[in-house]
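Residues per chain are reported as follows:
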Amino acid sequence: MPLGARHIRYVVLGAGLAGLLAGCSSNDTFEQPNPLPEIESTVWLEEVWDTSIGDGHDEQLLFLQPALSGGELFAVSADGELASLNPETGEYNWERDLDRQVIAGVGADSENLYLGTRDGALLALTRDGEGDRWAVELPSEILAPPQSNGSVVVIQTIDGKAMAFDVKTGEKRWQYDGVIPVLSFRGNATPWVGPEVTLVAFASGQVVALLSETGQPLWQYAVGEPAGRTELERLVDVDASPVVRDGVVYVTGYQGHVAAVDLRSGQEIWRRPASSFQAPALDYGNVYISGSNGVITAYNLFNRQELWAQDSLQWRQTTGLLPVEGYLLTGDFEGYVHILSQLDGSLQGQKQIDEEGLRVPMMLNDGLIYIYGNGGELDAYRLQEAE
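First, a word on what this report is: a plain description of the structure on this page. (Residues numbered from 1 in each chain as written. Predicted model: local features only at pLDDT ≥ 70, side-chain atom pairs only at ≥ 80, totals over all residues. Heavy atoms only, no water.)

**Observations regarding the overall build of the chain**
Consideration 1: When helices and strands are tallied, the chain shows 1 helix and 35 strands.
Consideration 2: Over its C-alpha trace the chain gives a radius of gyration of 20 Å, about what one expects of a compact globule, namely 21 Å for 387 residues.
Consideration 3: In terms of overall dimensions, the chain has a C-alpha envelope of 55 × 50 × 45 Å along the principal axes.
Consideration 4: Of all 387 residues assigned to the chain, the portion counted as buried reaches 60%.
Consideration 5: Across the chain, every contact between residues at least 6 apart in sequence was considered, and the portion connecting residues at least 24 apart equals 48%. (Helix = DSSP H or I, 4+ residues; strand = E, 2+ residues; numbered from the N terminus. Rg over C-alpha atoms; globule rule 2.2 N^0.38 Å. Buried < 20%, exposed > 50% of the residue type's maximum accessible area, 1.4 Å probe, protein only. Contact = heavy atoms within 4.5 Å.)

**Quick look at the environment of Ile289**
Consideration 1: Relative to the elements of secondary structure, Ile289 occurs in strand E26 (residues 286–290).
Consideration 2: Here Ile289 falls in the buried class, since its relative accessible area comes to 4%.
Consideration 3: Other than its neighbours up to four places away in sequence, Ile289 contacts Thr252, Val258, Ser276, Pro280, Val295, Ile296, Thr297, Tyr299 and Leu321.

**So, the pairing of strand E24 (residues 268–274)**
Consideration 1: As paired elements, strand E23 (residues 256–262) and E24 share 6 bridges and run antiparallel to each other. Across the sheet, residue Ala260 finds its bridge partner in E24, namely Trp270.
Consideration 2: With antiparallel pairing between neighbouring strands as the criterion, E23 and E24 make up a hairpin whose turn holds 5 residues, including Gly266 at a positive phi of roughly 80°. (Pairing = 2+ DSSP bridges.)

**Some points on the side chain of Thr319**
Consideration 1: By secondary structure assignment, the location of Thr319 is in the loop between strand E28 (306–310) and strand E29 (322–324).
Consideration 2: Thr319 sits in the buried class, given a relative accessible area of 1%.
Consideration 3: Polar side-chain contacts of Thr319 include one of 2.8 Å to the backbone nitrogen of Gly331.
Consideration 4: Excluding residues that lie within four positions of it along the chain, Thr319 makes contacts with Gln278, Ser290, Thr330, Gly331, Asp332, Leu358, Arg359 and Met362. (Polar contact = N/O pair within 3.5 Å; in protein donor to acceptor, adjacent residues only side chain to side chain.)

**Some remarks on the pattern of salt bridges**
Consideration 1: Enumeration according to the criterion identifies 11 salt bridges in this entry.
Consideration 2: Across the pair Arg127 and Glu72 runs a salt bridge whose closest N-O atoms are separated by 3.4 Å. Pair noted here: Arg127 is in the loop between strand E10 (121–126) and strand E11 (132–137) and Glu72 is in strand E5 (residues 72–76), with a separation of 55 residues, a long-range link. In this structure, Arg127 and Glu72 share a single accessibility class: buried.
Consideration 3: Two residues, Asp332 and Arg316, come together in a salt bridge whose shortest N-O distance is 2.8 Å. Taken together, the residues Asp332 in the loop between strand E30 (327–331) and strand E31 (336–341) and Arg316 in the loop between E28 and E29 connect sequence positions 16 residues apart.
Consideration 4: Judged by its relative accessible area of 0%, Asp332 falls in the buried class.
Consideration 5: Linked by salt bridges that have partners in common, Asp166, Arg173 and Glu213 make up one network. (Salt bridge = Lys/Arg side-chain N within 4 Å of Asp/Glu carboxyl O.)

**Some words on the packing of aromatic side chains**
Consideration 1: According to the stated counting rule, one finds 8 aromatic pairs in the structure shown.
Consideration 2: Taking 6.2 Å as the distance between ring centres and 50° as the angle between the ring planes, the aromatic pair formed by Tyr114 and Trp134 counts as tilted. You can see Tyr114 sitting in strand E9 (residues 112–117) and its partner Trp134 sitting in strand E11, a full 20 residues away along the chain. In terms of burial, Tyr114 and Trp134 fall into one category: buried.
Consideration 3: With a centroid separation of 6.5 Å and an interplanar angle of 55°, the aromatic rings of Tyr250 and Trp270 are classed as tilted. Linking Tyr250 in strand E22 (residues 248–252) with Trp270 in strand E24, this pair joins segments that are 20 residues apart in sequence.
Consideration 4: Judged by its relative accessible area of 9%, Tyr250 falls in the buried class. (Phe/Tyr/Trp six-rings, centres within 6.5 Å; stacked < 30°, edge-to-face > 60°.)

**Some thoughts on a negative patch on the surface**
Consideration 1: Taken together, the side chains of Asp55, Asp58, Glu59, Glu355 and Glu356 make up a negatively charged region of the molecular surface.
Consideration 2: Mapped onto the fold, Glu355 is located in the loop between strand E32 (347–352) and strand E33 (363–365). (Patch = residues over 30% accessible without salt bridge, like charges linked within 9 Å, V, L, I, M, F, W, Y side chains within 5 Å. Areas by Shrake-Rupley, 256 points an atom, 1.4 Å probe, with all protein chains shown as cover. Lys, Arg positive; Asp, Glu negative; His and termini not counted. Charge placed at Lys NZ, Arg CZ, Asp CG, Glu CD.)

**Topic: the sheet that holds strand E35 (residues 377–385)**
Consideration 1: Pairing in this open sheet of 4 strands is antiparallel, and the strands run E3-E35-E34-E33 from one edge to the other. Edge positions in the open sheet fall to strand E3 (43–52) and E33, since each of these has one partner strand only. Adjacent strand axes in the sheet meet at a mean angle of 30°, parallel and antiparallel pairs treated alike.
Consideration 2: For strand E34 (residues 368–372) and E35, the ladder comprises 4 bridges, and the chain directions are antiparallel. (Axes fitted to C-alpha atoms, helices over the stretch in contact; angles between N-to-C directions.)

**Structural notes on the side chain of Asn300**
Consideration 1: If you trace the backbone, Asn300 turns up in strand E27 (residues 296–300).
Consideration 2: The buried category is assigned to Asn300, whose relative accessible area is 18%.
Consideration 3: Among residues more than four places away in sequence, those in contact with Asn300 are Gly285, Asn286, Gln305 and Leu307.

**So, unusual backbone geometry**
Consideration 1: In this structure, the amide linkage connecting Gly105 to the following residue, Val106, adopts the cis form with an omega of 5°.
Consideration 2: By the secondary structure assignment, Val106 is in strand E8 (residues 102–108).
Consideration 3: The phi dihedral of Gln255 is positive, around 50°, even though this residue is not glycine.
Consideration 4: Looking at the element boundaries, Gln255 is found in the loop between E22 and E23.

**Digging into the environment of Ile353**
Consideration 1: Relative to the helices and strands, Ile353 is located in the loop between E32 and E33.
Consideration 2: With a relative accessible area of 11%, Ile353 lands in the buried category.
Consideration 3: Sequence-wise, Ile353 and Gly335 are 18 residues apart; in three dimensions their C-alpha atoms are separated by 5.4 Å.
Consideration 4: Every residue in contact with Ile353, bar those within four places of it in the chain, is listed here: Gly335, Val337, Leu358, Ile371, Glu377, Asp379 and Tyr381.

So, in structure tokens, the structure goes:
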């Protein structure tokens, strides 16, 4: 499978040495992206509020995902602007300049906010933005938002270590060392942290289930198996966060599979060949995949048959998929949101949000769609259909 812009840009050589191509921006491409599709919109995004968070990703290859927690929307920029907003109105509850470069966040629980810094620290802050709970130095950077179950906060470093810290004290509870191949993409899957089980995914193609309190391994599952002669051909990164629904884990990997696995036993329920950097989306009895080549595909969850495939967005570096009221929303490298029908995958609408592009997944809460662009644009929309 040929490697596109997003793929090559993420390559890391060895354990933590960034092998980014000189002279290339994060939006450069080695596969020609499809032109922006020309469509007649039947559904559109109606703006409810908009604001801007610092410099956004500050032209860096980051994944600064906002967090919805306890009736607040938290967002941070690469230059350390942290804010809490009312998710319904966009009004600021507070904002704070951290005076530090941020590369991972935001994580949140009922006690703290969690961020990863450029200088390799994990920060725990009070939810009112006024105080610092604790800080710990990490062995290397983290790129995915820290995740907490209220007892421990779990992070994964780019050199393949999963680590858990006590949310109150910052004391390290446990560490699990994954196997890191010679070549991998610059990115990590966000851990899934439940009350009893934590799921972490690695560049080796493995998803590992651990006891949340102790880190004891329960099972591991191979989303992809390295194959081929070259290290590029053998890439099987799992950068997509696991999705858990009704005791079943849904996972995808690059040059691997989309699979359903039993949460408690790790036993495979089913799988199909797939290649994706994005978490699968579930809705209406279907699973939807945003492929690494930009092709969006729908499968029936019960018989695993392919229902449709939409190839108009090939190599446009599509983001994860957000199901909303019978539609699927995905973003691209030019900052457009594309609205697809869940029924047949047809394109029903589009809107440009941030000229610097979209990278992190969109979020949905009480009918509002939250979109955070690479340039710092943070907006809330409602989906509207033509009457």
